[in-house]
Amino acid sequence: MTSLKLLVKNARQAVLVCNSKELFLRGEAMKRVLVLEQDGANGVSVVVGRDGCISAVGHTASIEKQFHDATFDKVIDAQGMCVMPGLIDGHTHPVWAGDRVHEFAMKLAGASYMEVHKAGGGIYFTVEHTQKASEEELYQLFKSRLERMMHAGTTTVECKSGYGLDLETEIKMLRVLTRASKELPFIEISSTYCGAHAIPKGKSAEEATDDVIKNQLPRIQQLVKNGELLVDNIDVFCEKGVYDVDQSRRILQAGKDIGLAINFHAEELNLLNGAEMGAELEARAMSHLEEISDAGIEAMAKANSVAVILPTTAYILRLKSPPVRKMIDAGVPVALGTDFNPNAFCMSMSLIMHLACVNMRMSMEEALVASTINAAASIGKAATHGSLEVGKVADLLIINAPRWEHLVYQMGGHDHLIKYVIKKGDIVHSSNC
């Protein structure tokens, strides 16, 4: 008799997203989400093995026949409900102390991001508080935020440092990310070093660039080699008044040289041709892109670089939206992220999908692809995450609705809509809905 971890049975729908081992979807393929529908009274089931990976997806009658002699640690009857992949958040800044609620009024009164930044607010305000906070304080704040993200359906998240701007604090933040990766079973983290998030006070951009390349990165490399840190990606804020294209290139190349994947901020407030630079470096992903040019879009498409779109940024800063439709039409793989940070306090990928559809004219299918398989691609996990395929990690949502579109359509109230969050085949959250 076979002993397995989990059986989800009798679902109204199972949203596979894709099923041919695609590493991302682009263009017209983003509109074609694969869904296995209930056939009459014959619902859909998902089987999860002891390894936390998907063993089978199919109609219940077929699954019952195939696994007639199996036992399961847990059985969930999902009759009338929908099973879908856990959501993947492609861009967050979640390790920090000191909120910036007081700046919201400034923005509502018309202050721009850079005006707040130059007045000592923005990143600098958060840096000051994060530098003063203990590692334990930062960890507890971070853990609470991760729990809220998971309750909203996120099972994997990209997380950046970047509120240290000095070696000591950046390492403190990376230790927090590493500890959470090892201790918290309910969510998976892709860790990003973002020491070049702003120019530290008292330094020029060139001095800050040298510090990152010659001081911070070698120390981080040593700590990773010793097993003290887990770091996956390198980021830089390539922007006018911060790090220019040449400085950004040098920082990203230095990170790539020690094995980090390039995943950086580009073309947010000004067009600098950072996207072309990133494509030349074979960046895995670039974020924001509100000001990207047609040439930058073409370069990203050719390089297969994922565009991580952040609807909250344009929303809260009243920026123009990035040209998402142009990107999709040109063949750029598009992903989504919350950009959770003190400036954009959003932890819900469901809300992000809603905003992307309404404000950026993405279809619901495109938004779902961007929050699953393409977001997985942005952090190098598409071979194992982002779709319901045999052999992939069993990160699942079960929503209390007959169609998956409710997760995008319903603006808020996801504490009621999401019945179960499942990570590697284990139930990590359930609601009483």
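Before any of the text, the structure's been laid out above.
Residues numbered from 1 in each chain as written. Predicted model: local features only at pLDDT ≥ 70, side-chain atom pairs only at ≥ 80, totals over all residues. Heavy atoms only, no water.

Enquirer: Help me out: how do you make sense of the pattern of salt bridges in this one?
Expert: When their charged atoms lie close together, side chains carrying opposite charge are able to pair. Here the structure, examined in full by the defined rule, presents 26 salt bridges. Where Glu188 meets Lys423, a salt bridge forms, and the shortest distance between an N and an O atom there is 2.8 Å. A residue pair is termed long-range when its members are at least 10 positions apart, and Glu188 in strand 10 (residues 188–196) and Lys423 in strand 17 (residues 418–423) qualify at 235 residues. Look at Glu188 and you get buried, because its relative accessible area is 16%. Two residues, Arg250 and Glu206, come together in a salt bridge whose shortest N-O distance is 2.6 Å. Placement of Arg250 in helix 8 (residues 245–257) and of Glu206 in helix 7 (residues 205–225) is noted, with a sequence separation of 44 residues between them. The class of Arg250 is partly exposed, set by a relative accessible area of 27%. Because the salt bridges share partners, they merge into one network encompassing Glu188, Lys381, Asp395 and Lys423. (Salt bridge = Lys/Arg side-chain N within 4 Å of Asp/Glu carboxyl O. Helix = DSSP H or I, 4+ residues; strand = E, 2+ residues; numbered from the N terminus. Buried < 20%, exposed > 50% of the residue type's maximum accessible area, 1.4 Å probe, protein only.)

Enquirer: Looking at this structure, I do not really get the nonpolar core. What am I missing?
Expert: As a rule of thumb, soluble globular proteins bury nonpolar side chains together. Counting residues in each nonpolar core, the largest one holds 121 residues, and the members touching the most others are Leu146, Phe264 and Leu336. Core analysis: the second largest hydrophobic core is formed by 19 residues, Leu6, Ala11, Ala78 and Ile422 among them. (Core = buried A, V, L, I, M, F, W, Y, C linked by side-chain atoms within 4.5 Å.)

Enquirer: Looking at this model, I keep getting lost on the side chain of Ser190. Mind explaining?
Expert: Here Ser190 is to be found in strand 10. If near-sequence neighbours (up to four positions away) are discounted, Ser190 is found in contact with Val157, Glu158, Cys159, Asp232, Asn233 and Ile379. (Contact = heavy atoms within 4.5 Å.)

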